[in-house]
Amino acid sequence: MVHYWPFTKLPLGALLEDCVFRGLILKAALDGLDILRAQNAQHRRCKLKVLDLQLHTGTNFWNEWAGAPSTDSVMSSEEPEDTPRRIQMEKGPHSRSGGKHQPLTSVEMLTDLWFEEATSDVLLTFLIERVKQKKALPTLCCRKVAFLGPLPQLHILGEILKMVQLDCVHEVEIHGKWDLHSLNWFAPYLAQMGQLQTLFLSGVILGCKDFGKDCNMEQLLAQFTSQLLNLHQLQHLFLDSACLPRGCLIRLLTRLPSPLLTLSLTDCVLLDEDLTYLSLCPCTSRLRTLVFCGVFRPRSSYAFLPGLLEIVSTTLMHLNLAGCGIQDPDLRALQNALGRCSQLVTLMLCGNPVSWDVLQELLQHTPPLCKFLELPVPLHCYVGPQGKLDLEALLPVMDNLMVILMPNGVNSVEFCNHRGTNRSLHAILIQMDS
């Protein structure tokens, strides 16, 4: 198919979505590229320019295969040779990022890249083998680049990243105990991703694994955060289980050049001074989604939260404070600020030890647009030393809740029963027809 394809684009990913032989067919397609390269001079009639390996794009193969117009994203539908942005990029200094091999014919691959240490991914195996054999690589246009685990064979990954059109990348995920040395290896590539919208960092250490004399953490942190200045399109920042030494969060956020739409901090240990800065940071002034899960420690100060909510009161739509250890006095202090969040649609408070009286007070202040609530089971509904849930005590709470919320047209309420980690939830869902 690849060898004799008579059109400029082959949307192979759409054909493979439900195929049980996906790996074998993908390998055959990649082998076809080798044939095209080996016989390029004899096959000038071959029109293939784009091999689209993206899955779950909504593309219908039978509508797309002959070049029919698509309503999908620019990357999945436009012909690269006719796209002014891409033509400009190919002429720019980063179009091939200084790769030392000639491209694999003129075929461009549309795909996501997942780098794993022990991978069975057919595409990644194909690319790694070509680098080891010093063969040419195809040009890669990726909407998403993800790293799962530690970084093996950096020189091989670097050769692959050189063939990625970095201006096409919209999302980057890093999972694993990357320290500042590893992050600074990747930072020059990150800085060239001018269209990056989402950055997800899970398990990273914004410090050094070896905190000895040779670790100049301040210098390494400045080197990494300086690369963030180029991310003018970044809208969503996720930090999960990250190690953030004193001042790291502040240094990170001050380098972001544009306001964020999403800030998510989950299972991170943060100091009060870092949290206090959030309400002073320009990049948090227009948040639509704010997530704090498992961030706070016993005796943490929540004084910054009302101020931050006041700042984002006209933009915030989703607030998640699950598992933060919030107690009655803290929740009372948030009531007025929450009441001013005029766009709030979703409020999640599960896993916080609060009483039913304070929950009722809070719900009286909940904005009328808030349609989805996830609430903690009130403390009086637990009995015994093991904190067993007493359903008979919970039923009157549910009845009272419906009386309070029905006039506001709330769509659904979840009572979440979890005594400890926010990963083990038992929810009681109340559906309400507005």
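Look up: the structure comes first, before these words.
This structure is a prediction, so every number in the text was calculated from the model and none was measured.

What counts, and where the lines are drawn
- Residues numbered from 1 in each chain as written.
- Predicted model: local features only at pLDDT ≥ 70, side-chain atom pairs only at ≥ 80, totals over all residues.
- Heavy atoms only, no water.
- Helix = DSSP H or I, 4+ residues; strand = E, 2+ residues; numbered from the N terminus.
- Buried < 20%, exposed > 50% of the residue type's maximum accessible area, 1.4 Å probe, protein only.
- Contact = heavy atoms within 4.5 Å.
- Pairing = 2+ DSSP bridges.
- Axes fitted to C-alpha atoms, helices over the stretch in contact; angles between N-to-C directions.
- Parallel < 35°, antiparallel > 145°, perpendicular 65-115°, else oblique.
- Phe/Tyr/Trp six-rings, centres within 6.5 Å; stacked < 30°, edge-to-face > 60°.
- Salt bridge = Lys/Arg side-chain N within 4 Å of Asp/Glu carboxyl O.
- Core = buried A, V, L, I, M, F, W, Y, C linked by side-chain atoms within 4.5 Å.
- Expected span 1.5 Å × (residues − 1).
- Polar contact = N/O pair within 3.5 Å; in protein donor to acceptor, adjacent residues only side chain to side chain.

### Quick notes on the environment of F115
Looking at the secondary structure, you find F115 in strand 4 (residues 113-116). For F115, a relative accessible area of 4% translates into the label buried. Taking the C-alpha atoms as reference points, F115 and T125, 10 residues apart in sequence, are found 9.9 Å from one another. Residues in contact with F115, not counting those within four places in the same chain, are L124, V145, A146, F147, L148, L157, I160 and L161.

### Let's talk about the side chain of N184
Relative to the helices and strands, N184 resides in helix 8 (residues 180-191). Using a relative accessible area of 9% as the deciding quantity, one classes N184 as buried. Not counting residues up to four positions away in its chain, the partners in contact with N184 are L220, Q223 and F224.

### Side note on the sheet that holds strand 1 (residues 9-10)
Pairing is parallel across the open sheet formed by four strands, whose spatial order is 1-2-3-5. The open sheet terminates on both sides in strands that have one partner only, identified here as strand 1 and strand 5 (139-141). Looking at chain direction, strand 1 and strand 2 (residues 50-52) are connected through two bridges and run parallel. Looking at the pairing, L10 lines up with L51 of strand 2.

### Some words on the packing of helix 12 (residues 304-311) against helix 13 (residues 328-339)
What describes two packed helices is the angle between their axes and the distance between those same axes. Following both chains from N to C, one finds helix 12 and helix 13 inclined at 5°, their axes separated by 9 Å at the closest point. One way to sum up the angle between helix 12 and helix 13 is to call them roughly parallel. Contacts between helix 12 and helix 13 involve L305, P306, L309 and E310 from the first element and A333, L334, A337 and L338 from the second.

### Quick look at the environment of C243
Residue placement: C243 occurs in the loop between strand 9 (236-240) and helix 10 (248-254). A relative accessible area of 37% places C243 in the partly exposed class. Here the alpha-carbon distance between C243 and I205, two residues 38 residues apart in the chain, equals 4.7 Å. With sequence-adjacent residues up to four places away left out, C243 is seen in contact with V204, I205 and L206.

### A look at the packing of aromatic side chains
Tallied over the full model, the rule gives 10 aromatic pairs. Consider the rings of W178 and F186, whose centres lie 6.3 Å apart with planes at 80°: the pair is edge-to-face. The same class applies to W178 as to F186, namely buried. In this structure an aromatic cluster arises from ring pairing among F115, F147, W178, W185, F186 and Y189.

### Notes on the pattern of salt bridges
In the structure shown here, the tally under the stated rule is nine salt bridges. Between E171 and K144 there is a salt bridge, with the nearest N and O atoms lying 3.7 Å from each other. Note that E171 is positioned in strand 7 (residues 171-175) and K144 in strand 6 (residues 144-148), a separation of 27 residues in sequence. On the basis of relative accessibility, which here comes to 25%, the residue E171 falls in the partly exposed class. The salt bridge partner of K162 is E159, with a shortest N-O separation of 3.2 Å. Of the two residues, K162 and E159 are both situated in helix 7 (residues 154-162); the distance of three residues between them amounts to about one turn of the helix. Salt bridges sharing common partners tie together K144, E171 and E173.

### Topic: the nonpolar core
Judged by nonpolar contacts, the single largest core of 124 residues is most densely connected at I160, F186, L190 and F292. Those residues in contact with F292 that sit more than four places away from it in its chain are L265, L275, L278, F304, L305, L308, N320, L321, A322 and C324. The next biggest cluster of nonpolar side chains, apart from the first, holds five residues, and it includes V291, C293, C350 and C416.

### Examining unusual backbone geometry
Of note in this structure, S241 is not a glycine but carries a positive phi near 50°. On the secondary structure map, S241 appears in the loop between strand 9 and helix 10. The backbone of D267 sits at a positive phi, close to 55°, despite the residue not being glycine. Position of D267 among the secondary structure elements: in the loop between strand 10 (262-266) and helix 11 (272-277).

### As for helix 8
With 12 residues, helix 8 extends 15 Å between its outermost C-alpha atoms, agreeing within 8% with the 16 Å of an ideal straight helix rising 1.5 Å per residue. Among the 12 residues of helix 8, nine are classified as buried, and the element is accordingly described as predominantly covered. Within helix 8, burial applies to L180, L183, N184, W185, F186, A187, Y189, L190 and A191. Here the buried face of helix 8 lies against strand 6, helix 7, strand 7, strand 8 (198-202) and helix 9 (217-226). Of the residues flanking the start of helix 8, the one acting as N-cap is D179, its side-chain oxygen 3.1 Å from the backbone nitrogen of H181.

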